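Here's the letter readout for the chains.
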Amino acid sequence: MQGLRWIQMSEDERDAFLGHGGAGVISFSTPPGDPPFTLPVSYGYDEGLGNFYFKLAVPPDSPKAEAIDEPVSFTSYARTDEGWRSVVATGTLEAVADMPEDSVAAQGMWAVDIPSVDIFERPREDVPFSDFRLAPTRISGRKEAQTEP
């Protein structure tokens, strides 16, 4: 990727790149001097509201359980037919279970497609998952600038 030039994506380009769901990396804030707590995740995206949704396994003995209330940074990136694309969103996760069933956030959870990946050492139905929403306080998208031949 040496020598690449980047430009901002428009909101429509960003929404098209994110689609209705995919994969990315989420990083949780940690105390000063500690590295961020970072995980690969699947996400769902509601382009109408610009919200991200996650199904996270949060066992009580996991470092994730301690970090879940901290600010996060979420990144999705990929090489497309048009070159590299990336989106970074920051904010704080909100537990969807804490919201009324008829809330926009809870309804949004049902409207997205979160890819399912089994990376656990036990059957998926034995892993406790919780639903979260990220209504970003900041979101930006970049794309590789196309150069003339």
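Worth saying up front: this structure is predicted, and the values here are computed from it rather than measured.

Draft legend 1. Examining helix 1 (residues 11-18) more closely. The set of residues buried in helix 1 consists of Arg-14, Asp-15, Phe-17 and Leu-18. Projected onto a plane normal to the axis of helix 1, the buried residues spread over an arc of 160° and lie on a single side. Turned more than 90 degrees from where helix 1 packs its buried face, Asp-12 and Ala-16 sit exposed. On its buried side, helix 1 packs onto strand 2 (21-28), strand 3 (37-46), strand 4 (51-57), strand 5 (71-80), strand 6 (83-95) and strand 8 (138-144). At the C-terminal side of helix 1, Gly-19 shows a positive phi close to 60°.

Draft legend 2. Examining the environment of Glu-66 more closely. Checked against the element boundaries, Glu-66 lands in helix 2 (residues 63-67). Note: C-alpha distance between Glu-66 and Phe-28 (38 residues apart in sequence) is 9.8 Å.

Draft legend 3. Examining the nonpolar core more closely. If you look at the biggest cluster of nonpolar residues, it comprises 21 residues, and the most contacted ones within it are Ile-26, Phe-28, Phe-52, Phe-54 and Leu-93. Broken down by secondary-structure element, the contributors of at least two residues to this core are helix 1, strand 2, strand 3, strand 4, strand 5, strand 6 and strand 7 (129-134). Here this core takes four residues from strand 3, the largest share from any one element.

Draft legend 4. Examining the pattern of salt bridges more closely. Per the stated rule, a full pass over the model turns up three salt bridges. In this structure, the salt-bridge partner of Lys-143 is Glu-13, at a minimum N-O distance of 2.5 Å. You can see Lys-143 sitting in strand 8 and its partner Glu-13 sitting in helix 1, a full 130 residues away along the chain. Between Arg-133 and Glu-94 there is a salt bridge, with its nearest N and O atoms 2.8 Å apart. Taken as a pair, Arg-133 in strand 7 and Glu-94 in strand 6 lie far apart in primary sequence, 39 residues in all. Among the residues examined, Arg-133 registers a relative accessible area of 14% and is labelled buried. Look at Glu-94 and you get partly exposed, because its relative accessible area is 27%.

Draft legend 5. Molecular detail of the pairing of strand 3. Counting buried positions over the ten residues of strand 3 gives seven, a clear majority of the element. Here strand 2 runs beside strand 3; their pairing, made up of eight bridges, is antiparallel. From the neighbouring strand, Ala-23 faces strand 3, where its bridge partner is Ser-42. Inspection of the sheet shows strand 3 paired to strand 4 by three bridges, in the antiparallel sense. In the strand pairing of strand 4, Tyr-45 is matched with Phe-52.

Draft legend 6. Broad picture of the environment of Lys-143. By relative accessible area, Lys-143 is classed as buried at 14%. Sequence-wise, Lys-143 and Arg-14 are 129 residues apart; in three dimensions their C-alpha atoms are separated by 9.2 Å.

Draft legend 7. Representation of the packing of aromatic side chains within the structure. All chains considered together, the criterion is met by six aromatic pairs. Here Phe-54 and Phe-74 contribute two aromatic rings whose centre-to-centre distance is 5.1 Å and whose plane-to-plane angle is 70°, an arrangement assigned as edge-to-face. With Phe-54 in strand 4 and Phe-74 in strand 5, this residue pair connects regions lying 20 residues apart in the sequence. Comparing Phe-54 with Phe-74 shows no difference in burial state: the two are buried.

Each value, and the rule that gives it
- Residues numbered from 1 in each chain as written.
- Predicted model: local features only at pLDDT ≥ 70, side-chain atom pairs only at ≥ 80, totals over all residues.
- Heavy atoms only, no water.
- Buried < 20%, exposed > 50% of the residue type's maximum accessible area, 1.4 Å probe, protein only.
- Helix = DSSP H or I, 4+ residues; strand = E, 2+ residues; numbered from the N terminus.
- Arc of directions from axis to C-beta.
- Contact = heavy atoms within 4.5 Å.
- Core = buried A, V, L, I, M, F, W, Y, C linked by side-chain atoms within 4.5 Å.
- Salt bridge = Lys/Arg side-chain N within 4 Å of Asp/Glu carboxyl O.
- Pairing = 2+ DSSP bridges.
- Phe/Tyr/Trp six-rings, centres within 6.5 Å; stacked < 30°, edge-to-face > 60°.

Honestly, it's all geometry; don't read function into it.
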